[in-house]
Every structure is written in structure tokens, then in C-alpha cells.
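Tertiary structure, described
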Amino acid sequence: MATRTRRVGPRKSLFHSIYIVDSFKGLWITMKYLLFRKKVTIRYPEERRQYSARFRGLHYIKTTNGVENCTACMLCPTVCPADCIHIEAGERADKEKYPVRFDIDIMRCCFCGMCEEACPKDAIKLSGVYDMSAAKRTVYDKEFLLVQRGNK
Amino acid sequence: MPWCLIDGKNVEFSDGATIIEAAGSAGIFIPHFCYHPGLGAPAQCRMCVVEVEGRTKLQTACSTPACEGMIVKTGSERVKQVQKSTMEFLLINHPLDCAICDKSGECMLQDNSYHYGDATMRTVEERRTYADLEMGPVIKKNMNRCIHCTRCIRFGEKVAGIAEMAAFGRGGSTEIATLDGAELKTPYAGNYSDICPTGALTLKDFRFKKRSWLLTKTAAVCEGCSRGCAIEVHHADGVVYRQVARENLRINRYWICDEGRFLYRYLGDPERVRQPLVSGNISDWVSAAGVAREMFNGGRVMVLAGEDLTLEEAKELLDFVRPAGAGIFRFGTPQVCAARDDGDEDMILRRKSKTSNLHGLQQLGISAFDGRPSGTVLVVRGGRAVIPDLGGCKVIGAGVFQGGETTDFEAVLPGRAFLEKGGSIVNCDGIEQRGVSVVPGPAEAKGLGDILRLLGRGGD
């Protein structure tokens, strides 16, 4: 059977087929956003974006009068689906039970916020800090987590 | 057998059984605090009340004997109301420190409050507080958490045979303490923590180590003496955190001694030999086994089998040693050479033989070591038997050793301890019990069968 070919669609004139009008239409959109609209990008890292108060970013341990709220009850490592929180409990004079070690393996963390939800002492919180990229694998320890507050 | 009707269920019971026992045998749980099957029923916590048809007042299930044809309701509205009130009353003074308390997760007060109590609290008064006195090396007391169930007082009187604990003061400010504030003397003090329904008496050894819900619980047998008590090993990630008593009415009822309770410590002892040693230096299996094999096949050999080996291991050792023509003897506790020397150390549980399988090895026909070593000595033991004086002999060790014990040994081949291998042991009453492997043990340790194969084969 012989094969027949046929062009479908409107036939374009030379004027249409070089797209000169469409190019200017597109350029007009670009110029409109450049000249007349508000900028959507920010100058990161000098400028930071403000996320909502419910944003789940980097963890921190809340303190009250300089003493960590955490009592090492182990509810956060129990509930953690990524198994990224490691706590060792101890005893000291001013506090019956406190975390000697409190490590968060941030590479495992999925920022679900269940640790914050489970905490009976309002100790572990998720801040608004969202830039946590690092050159090597990072485990955040207690000393680091105690001073991270972000914008909270 | 007489029968009664509990929650519409026909329950048969033996004569003299109380309602709580009859219900328990039928799988009906009645909440309680002061009642303990091993300690009797003072019926003072009022948590176990049930409604008995024909009796106006609610009855305490722990102290009321079940009668023929009795109709009992454990969940009627009246009962629920009383349980709720009892829980509220107990929680008036109980601190809300479950986050800190070691008992949380296995606490009767927590469980009963969850199932039978009210979620809200009406009291606004301050809670009573106590200053806690030292209770000795085993038990940590936190009197604020006490609910005055008097189980500990009854344990001292009825089981430990020493009335150390007593209730001082009265009413809500009753304080449970030792007489004159003395430290606990009984060698069964760990049981105070087991029976305490709240976190008032907790183990110092286990303090803040792990939360109870993160532990895997495996039934096992204690290897501390020839009694062979039933224990439950609580472990996580291959580490044993504690041992508690398991009910076995034929052997230890509900109790274990402190020596058995803390026996697991030698498993994770930093001094334990975990790698093969040659003349006291860390080596590898190939060279250590080579040295041992040369010694073993190079002359007269005497084999000493610890009485802490399992029956399976002892049989394996016999099959290996007897064709080779070596003499095999057992060793264990000094001065306890045979089953007839093994007697009760006290009137409760502890036995004189501090190794688990003296009776089993004797049944296998292995005779006791007479104290005269000769030639090369192969010492096989599970970590508990006391190594006798081997004056000047060349010694190969196979099994579990602590660093200080192996200074004179030519070669040490690390083996597995009882909780790491499982096997059968025969206790002082001839009861054979089988243990299972609970934790994997050190990476380099081998089972006795593998060690013997390495010793027997020429080159590997």
C-alpha cells in the first residue's frame, strides 16, 4: 500500500512562521515583571525568609532560667519514626534527671515534629531555621541544641 | 469443683480460693495494689472491690473467698464509681513525675489510673513531701510516690524473714521507712523494687539506664546458684539492663536474690576477655587456636569443665575428650564438690553451690577435680565457676574469663556466657530447665562446639 503524506493544521505565512509577534509578546511579559511588578526573589543569605510560626525547622532545647527543660524521659526517641534522637540520662544536684547526652542525627531526621508533640516538658522544639546543609554528616549535640532558637 | 459466676462467666475454682484468684484463673483481671499472690491480702487499698449479689456492701476480691454459686460483677456502675474514687484518692498525693520515674511504663498506678481512673483532678492542695533516707546500695526510695500498699513491709516479714521496713506515722502522712533509718540488710532487697506497685522503691542499679517500654523481655533461668530460679531478662540492642524474678511456683515462687539479679553485669564487664589471647596478648583466632591445638595435641592433657556449662556443652566436651584419652573433671564452688555438699545457704532460695549445673554434670558422670593438676590443662567454663589453683601447669582457657584470671594462661579462646548461648541445666531438685540465647554476646566469641572443632582439627 502506498503511503501518502499530508500537512495538518493551518498553513503559516512567512510573517507568521518567523514568530516575530510572539517573540515581542513574550518579551513584554518579561519586561512587565522586571519593571512594574514586585520582586519575588530575596538576597539569600543576607536576607532570610520569614516562615509561619508553625514551620518545622532545626530543633532546639528550650531552657527555663538557664536550665534545660528536658528531663530525659525518652518520649521523643520513643516516638521518633526516623530513630534519630539519642539520649543518655543522668543525675545532678539541682535536677533529679537530666540528659547527659542529647544527640540528634539531623541527616536521619524527617522533620515530622512528633518529638515536639510528645514532649511533656515543652523541651524539644522545632525552630524556623531552615538552612542546615553541611559539608559532612552532622550530629547535633546538646550544647549546640541549647543555643539554637532561630526566630523563636 | 465448685463454681461461681463472674461477669456472666462460669468459673470453676479450688476450695479456699479468693474471688481475685478465681477471676484470674478465668482470665478476668481485677485491678489491685496491695494484693500480691506471694504476700497475701490485707485488703487495704480498696481497689479490688467487686459487687457480690446478695451482699449489700461491695466486697474486696482479694480477701473474700469464692463460694459455690456466687454471682460476682467486676464492672458494675457501683464498682466503677468506687474504683474511680479510690484512684482519685491515691493520686491526691502522688507526684506527677512519670517523666522522671523509672517505674513508668510498668507502673500499676499508671495502668490502673489509665483504665479505671478519671482523667481530671479536683484537688488544688499542695502534695505531701518527704525527705528520703538512704536505703543501702540496692534500693532508692522516693517516699513521695508511695501509696501505702505495705507490700514491702509484708515482703520483709513473710519472705525475707527480716522485718526491716515499717510504717511510721498515720493517715495520709504515713511514712514507710527502715527501723532506725538503717540500710536494708536482706540479700533479697531487689524484690522490694519488683513488688512496689509505684516508683517508691526502685533499683539503684537500673536508675535512669533505660525506659521500661524500650526493653525486650525474655524468659530465662538464673545461673547464680544450683537453685535455677526463673528470671526475666530485660535487654535492648544486645545489652542486658536488668534481671527480674519470674513466677515459677515449683522453684522460686516470685522472688530472686540480689546475687542472681545483678549477675548479668559480668556479660558487659570491661575486664571480660572478648578477643583470643596468646600469652596474655590480644591475638586472632587463627594463631590462638593454633597455639592451643599444639598444646592440646602435644602431650598429656587434663580437661576441667566448669559446673556452669550446660548439659549440651558438657556432652559435647565429653564426646570430644574421651576418644582423645584425656581425663575430664568438673570444678565450680570451693568446698562444694558433690551434690551432697550442696545445701541451702539460707531458708529462702540461695544455695551453697554457686554454679548452676553441678547436679547435671554429676549426672553425666564427670567426677570432681581433686586439686592435683597434671600436664596441660584445658579449662572450659561459663564465667561463674571458680578456677582452682593450677600451680605451674600450662593452661588453655576456653569460655568466659575476666582479665585478671587469665594472666598465667598460655591461650584463651573466648566463649559465650549462659545468657548468650542457651541450653539445659539441672537444678538442685533435679528439675531440668532450658534457657534460650537472649543476647548475641561479643562479636569474637565462639560457641563451645566451634572452639572444640578448632582444637581438634590439624590446621585450618
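This text gives an overview of the structure that appears in the document. (Residues numbered from 1 in each chain as written. Chains lettered and ligands numbered in written order. Predicted model: local features only at pLDDT ≥ 70, side-chain atom pairs only at ≥ 80, totals over all residues. Heavy atoms only, no water.)

1. Describing the overall build of chain A
Formally: Here a strand is any run of E in DSSP of at least two residues, a helix any run of H or I of at least four, and the numbering for each starts at the N terminus. Our radius of gyration is a C-alpha quantity, and the globule rule it is checked against amounts to 2.2 Å times the number of residues to the power 0.38. A 1.4 Å probe rolled over the protein chains alone gives each residue an accessible area, and that area as a share of the maximum for its type sets the label: buried under 20%, exposed over 50%, partly exposed in between. Here the Shrake-Rupley method, with its probe set to 1.4 Å, supplies the accessible areas, and only the displayed protein chains count as covering residues. The charged-residue count follows a simple rule in which Lys and Arg add positive charge and Asp and Glu add negative charge, with His and chain termini not counted at all. Where a charge lies is defined by one atom per residue type, namely NZ (Lys), CZ (Arg), CG (Asp) and CD (Glu).
Looking only at helices and strands, one finds 5 helices and 7 strands in chain A. Listed by position from the N terminus, the elements making up chain A come as α-α-β-β-β-α-β-β-α-β-β-α. Taking 15 Å as the expected radius of gyration for a compact globule of 152 residues, we find that chain A reaches 28 Å, considerably beyond that expectation. Considered along the principal axes of its C-alpha atoms, chain A spans approximately 90 × 55 × 30 Å. By residue count, 31% of the 152 residues in chain A fall in the buried class. About 11300 Å² of surface is accessible on chain A, with carbon and sulfur atoms providing 56% of the total. Side chains of chain A give 28 positive and 17 negative charges; the mean places of these two sets differ by 19 Å.

2. Notes on the overall build of chain B
What counts here: Every residue pair with non-hydrogen atoms within 4.5 Å of one another is taken to be in contact.
For chain B, the helix and strand inventory stands at 11 helices and 22 strands. If you line up chain B on its principal axes, its C-alpha atoms span 85 × 50 × 40 Å. When each of the 460 residues of chain B is scored for burial, the buried share is 57%. In chain B, the share of contacts with a sequence separation of at least 24, taken over all contacts with a separation of at least 6, comes to 63%. If you sum the accessible surface of chain B, you get close to 20200 Å²; carbon and sulfur atoms cover 50% of it. Each charge sign in chain B was given a centre, from 55 positive and 57 negative side chains, and these centres are 2 Å apart.

3. Overview of the pattern of salt bridges
Stated precisely, the cut-off is as follows: Whenever Lys or Arg places a side-chain nitrogen within 4 Å of a carboxyl oxygen from Asp or Glu, that contact is recorded as a salt bridge.
Throughout the structure, instances matching the rule amount to 34 salt bridges over all chains. For Glu420(B), the salt bridge is made with Arg272(B), and the minimal N-O distance between the two is 3.0 Å. Residue Glu420(B) is located in helix H10 (residues 418-421), and its partner Arg272(B) is located in the loop between helix H6 (258-261) and strand E13 (277-278); the two are separated by 148 residues in the primary sequence. Given the relative accessible area of 5%, Glu420(B) is considered buried. Note on Arg272(B): relative accessible area 4%, which makes it buried. The network of salt bridges with shared partners includes Glu68(A), Arg92(A), Asp94(A) and Lys142(A).

4. Side note on the packing of aromatic side chains
Filter applied, for reference: Working definition: rings of Phe, Tyr and Trp (its six-membered ring) pair if their centres are within 6.5 Å, and the pair is stacked with planes under 30 degrees apart, edge-to-face with planes over 60 apart, and tilted otherwise.
Counted by the stated rule, this structure contains 11 aromatic pairs over all chains. Centre to centre, the rings of Tyr51(A) and Tyr130(A) are 5.1 Å apart; their planes meet at 85°, and the pair counts as edge-to-face. Placement of the pair is Tyr51(A) in the loop between helix H2 (20-35) and strand E1 (59-61) and Tyr130(A) in the loop between strand E6 (124-126) and strand E7 (139-140), with a sequence separation of 79 residues. Each ring, one from Phe401(B) and one from Phe409(B), has its centre 5.5 Å from the other, and the planes form 80°; the classification is edge-to-face.

5. Notes on the sheet that holds strand E16 (residues 327-331) of chain B
Two orientations exist for strands paired in a sheet by backbone hydrogen bonds: parallel and antiparallel. All names here are of chain B. Rule in force here: Any two strands with at least two DSSP bridges between them are considered paired. Angles shown run from 0 to 180 degrees and are taken between the N-to-C directions of axes, each axis being a line fitted to C-alpha atoms and, for helices, limited to the stretch in contact.
The strand order across the open sheet built from 8 strands is E14-E13-E20-E19-E18-E15-E16-E17, with neighbouring strands paired in mixed fashion. Looking at strand neighbours, the two that pair on one side only are strand E14 (281-282) and strand E17 (367-368), the edges of this open sheet. Pairing analysis gives 6 bridges linking strand E18 (residues 376-381) to strand E19 (residues 394-399), with the strands arranged parallel. If you follow Arg-381 over to E19, its bridge partner there is Gly-399. The sheet strands contacting helix H7 (residues 285-296) are E13, strand E15 (301-306), E18, E19 and strand E20 (411-414), and the helix crosses E20 at an angle near 120°. Here helix H8 (residues 311-324) sits on the sheet and contacts E15, E16 and E18; the angle it forms with E16, its principal contact strand, is near 145°.

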